[in-house]
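A look at the structure
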Amino acid sequence: MSQTFGKTSWKRFGVAMVPGIAATAAIGVALANNALAASFNVSGQRFKVTAEDLTGKNFAQFGSFDFETNGTPHAVAISAFDSATIKGMCQSVVSEPALLGLKLPKVTLRLEAGNSSDPAKQVSAKNLLIDLDQLEANAEFTDINIGQDASTLKTEATANWKNIQGSGKPSGLLGFSQSAPVAHLTDVKQTAWATSAGTFKLNGLDLKLYVGKDGDGKECY
């Protein structure tokens, strides 16, 4: 297990730390040989999330699969935080519902929270798990381990994670993962299949629905 001390630049470790699907060949092999999944079935629809600033403690990341009810798999990189504080969070999803064969106007749901410079009024979460397949951000990690065996992760969030068979910590043929005591991300843009948390406190929650053309341009990005 390699260990790097001090603060780590996202750009410096960009090749090894791409946090999307199949971040490295090792993650790809692990996914192909050990189909891990979240403990609930996903909707089959991705959503967008942005954040001005995210600071997380006991960060870990590993590869997995999310499954729809019909069995369709989606490869994901799961980002886990024992605790996180998020400034300026936005979440959006666009649906095009159908009823009895009739095509209804699209509906855009947009949620914002934590738009405050006071950390006490920002979004806070414990045991946060984000199942994502795309991420753009400026990121800095402290004392990062890259290439850690996923079965040896000791964070609370990963200990609570369950795959579809109900077993515990993630693993794979190679068990590739990465972890750091502190992760700091700014200007975050991501698409995700699922998010779960032990607690999720949305200070200053503002949720709006936009129907039809009123939803044009209302996604988070």
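So, here's what we can say about the structure. (Residues numbered from 1 in each chain as written. Predicted model: local features only at pLDDT ≥ 70, side-chain atom pairs only at ≥ 80, totals over all residues. Heavy atoms only, no water.)

Let us look at the overall build of the protein chain. On a plain count of helices and strands, the protein chain comes out with 2 helices and 11 strands. The N-to-C order of helical and strand elements in the protein chain reads β-α-β-β-β-β-β-β-β-α-β-β-β. Residue burial in the protein chain is summarised as follows: out of 221 residues, 43% are buried. Put simply, 83% of the contacts in the protein chain that link residues at least 6 apart link residues at least 24 apart. Looking at the protein chain as shown, the accessible area adds up to about 11,000 Å², and 54% of this sits on carbon and sulfur atoms. (Helix = DSSP H or I, 4+ residues; strand = E, 2+ residues; numbered from the N terminus. Buried < 20%, exposed > 50% of the residue type's maximum accessible area, 1.4 Å probe, protein only. Contact = heavy atoms within 4.5 Å. Areas by Shrake-Rupley, 256 points an atom, 1.4 Å probe, with all protein chains shown as cover.)

As paired strands, strand S3 (residues 73-95) and strand S7 (residues 123-142) are joined by 9 bridges and run antiparallel to one another. What sits directly across from Thr85, in S7, is Ser124. Pairing analysis gives 12 bridges linking S7 to strand S9 (residues 176-196), with the strands arranged antiparallel. Directly across from Thr142, in S9, lies its bridge partner Val182. (Pairing = 2+ DSSP bridges.)

Further remarks concern the pattern of salt bridges. Under the counting rule described, the total for this entry stands at 6 salt bridges. The salt bridge involving Lys106 is made with Asp216; its shortest N-O contact spans 2.6 Å. Here Lys106, found in the loop between strand S5 (102-103) and strand S6 (107-113), pairs with Asp216, found in the segment after strand S11 (206-211); they are 110 residues apart in sequence, far enough to count as distant. We classify Asp216 as partly exposed; its relative accessible area is 43%. For Arg110, the salt bridge is made with Glu112, and the minimal N-O distance between the two is 3.1 Å. (Salt bridge = Lys/Arg side-chain N within 4 Å of Asp/Glu carboxyl O.)

Let us look at a nonpolar patch on the surface. Together, Leu99, Leu100, Leu102 and Leu104 line one region of the surface with nonpolar side chains, adding up to about 450 Å² of accessible area. For Leu104, the position within the fold is in the loop between S5 and S6. When its relative accessible area of 33% is taken as the criterion, Leu104 is described as partly exposed. (Patch = residues over 30% accessible without salt bridge, like charges linked within 9 Å, V, L, I, M, F, W, Y side chains within 5 Å.)

Looking now at the environment of Pro119. Assignment of secondary structure puts Pro119 in the loop between S6 and S7. Taking the C-alpha atoms as reference, Pro119 lies 7.6 Å from Lys87; in sequence the two are 32 residues apart.

Time to look at the state of the cysteines. This structure, assessed with the given rule, holds 1 disulfide. Here Cys90 is linked by a disulfide to Cys220, with a sulfur-sulfur distance of 2.0 Å. Its S-S torsion of approximately -80° makes the covalent link between Cys90 and Cys220 left-handed. Of the two residues, Cys90 is situated in strand S3 and Cys220 in the segment after S11; the sequence distance between them amounts to 130 residues. For the pair formed by Cys90 and Cys220, the shared burial category is buried. (Disulfide = S-S within 2.5 Å.)

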